[in-house]
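Each chain, written out:
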Amino acid sequence: MRLPLIAPADLTPEQRSLYEDMRKGIASNFNAFKVEREDGALMGPWNPWLHEPRIGKAIWDLTLAMTAEASLPDNVRQIAILVVGARFDAAYEIYAHIAVAEREGMKPERLATLAADLKPVDLAPDESVAFDLSYALVRGGTLPEPIYRLAVDTFGQHGANELIYLVGLYSLVSTTLNGFNVPVPERE
């Protein structure tokens, strides 16, 4: 890991405010996986965000908005997030969202296929659209019109927008994790 974890006692006032806000949001939204060390230091993408609290706060605010305004079913969201994590080979992202998907009952075979950057054969139609849109976007370039139209037809304009923003957010999260070589904690 390229940035040391910051113990709560070592936080600056600006970091402390962001830390408290993140801990509150993590407790209610990101609690299926390990996010902090025994002393309360935040792990995952939250630690790099604390190192740059002005930028970190902006990313955290976007994360909260994407969570608060979520209209897509969570299985669709998790497929999109896992497609992004697998494409970026972002170990912590894959670890965290496999834990979330497991808690929600996603089958191990599907999770293994998604983590391998492949399309599972058992996807429902809406899940298949989410996979295709996410996969196309993380490959780069303009989203093909047929995939965009299918997403709008499947999820409505708001849902298609949300899916595109979700892929962008988790691309940023994955880049953060990879750029700072954030490790995966031991699984309990």
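Residues numbered from 1 in each chain as written. Predicted model: local features only at pLDDT ≥ 70, side-chain atom pairs only at ≥ 80, totals over all residues. Heavy atoms only, no water.

Caption draft 1: Expanded view of the overall build of the protein chain. For the protein chain, the count of helices and strands is eight helices and zero strands. For the protein chain, the sequential pattern of α-helices and β-strands runs α-α-α-α-α-α-α-α. Taken over C-alpha atoms, the radius of gyration comes to 17 Å for the protein chain, in line with the 16 Å a tight globule of 188 residues would show. Based on the C-alpha atoms only, the size of the protein chain along its principal axes is roughly 50 × 30 × 30 Å. (Helix = DSSP H or I, 4+ residues; strand = E, 2+ residues; numbered from the N terminus. Rg over C-alpha atoms; globule rule 2.2 N^0.38 Å.)

Caption draft 2: Local environment of the side chain of Q78. For Q78, the position within the fold is in helix α4 (residues 74-88). Polar contacts involving the side chain of Q78 include one to the side chain of H97, which spans 2.7 Å. When residues no more than four places from it in sequence are discounted, the contact partners of Q78 are H97, V100, A101, E104 and M106. (Polar contact = N/O pair within 3.5 Å; in protein donor to acceptor, adjacent residues only side chain to side chain. Contact = heavy atoms within 4.5 Å.)

Caption draft 3: Structural detail: helix α5 (residues 91-103). In this model, α5 (13 residues) spans 18 Å end to end at C-alpha, consistent with the 18 Å of a helix rising 1.5 Å per residue. Most of α5 is tucked away, with ten of its 13 residues classed as buried. Looking at the residues trailing α5, positive phi occurs at G105, about 95°. (Expected span 1.5 Å × (residues − 1). Buried < 20%, exposed > 50% of the residue type's maximum accessible area, 1.4 Å probe, protein only.)

Caption draft 4: Structural view of the packing of aromatic side chains. All chains considered together, the criterion is met by seven aromatic pairs. Through pairs of rings, three or more aromatic residues link up here, namely F30, F33, W46, W60, Y92 and Y95. (Phe/Tyr/Trp six-rings, centres within 6.5 Å; stacked < 30°, edge-to-face > 60°.)

Caption draft 5: Examining the pattern of salt bridges more closely. Tallying each qualifying case throughout the model produces twelve salt bridges. With its nearest N and O atoms 3.6 Å apart, the salt bridge here joins E38 to K34. For R77, the salt bridge goes to E162, with nearest N and O atoms at 3.1 Å. With a gap of 85 residues between them, R77 in helix α4 and E162 in helix α8 (residues 145-179) connect regions that are remote in the sequence. According to the relative accessible area criterion, R77 is buried, its value standing at 7%. Accessibility expressed as a relative area gives 4% for E162, which makes it buried. (Salt bridge = Lys/Arg side-chain N within 4 Å of Asp/Glu carboxyl O.)

Caption draft 6: Fine view of the nonpolar core. Of all hydrophobic cores here, the largest spans 56 residues; its most connected members are M22, F33, W46 and Y92. Looking at this core, the element that brings in the most residues is α8, giving eleven residues. Setting aside residues no more than four positions away along its own chain, W46 makes contact with M22, I26, F30, F33, V35, W60 and Y92. (Core = buried A, V, L, I, M, F, W, Y, C linked by side-chain atoms within 4.5 Å.)

Caption draft 7: Local environment of the packing of α5 against α8. Two numbers describe how α5 lies on α8: the axes approach to 8 Å, and their chain directions differ by 125°. Relative to α8, the element α5 lies oblique. Each of A91, Y92, E93 and H97 in α5 lies in contact with α8, whose residues at this interface are Y170, V173, S174, L177 and N178. Grouping the constituent residues of the contact of α5 with α8 by class yields five nonpolar, three polar and one charged. (Axes fitted to C-alpha atoms, helices over the stretch in contact; angles between N-to-C directions. Parallel < 35°, antiparallel > 145°, perpendicular 65-115°, else oblique. Nonpolar A, V, L, I, M, F, W, Y, C, P; charged D, E, K, R; others polar.)

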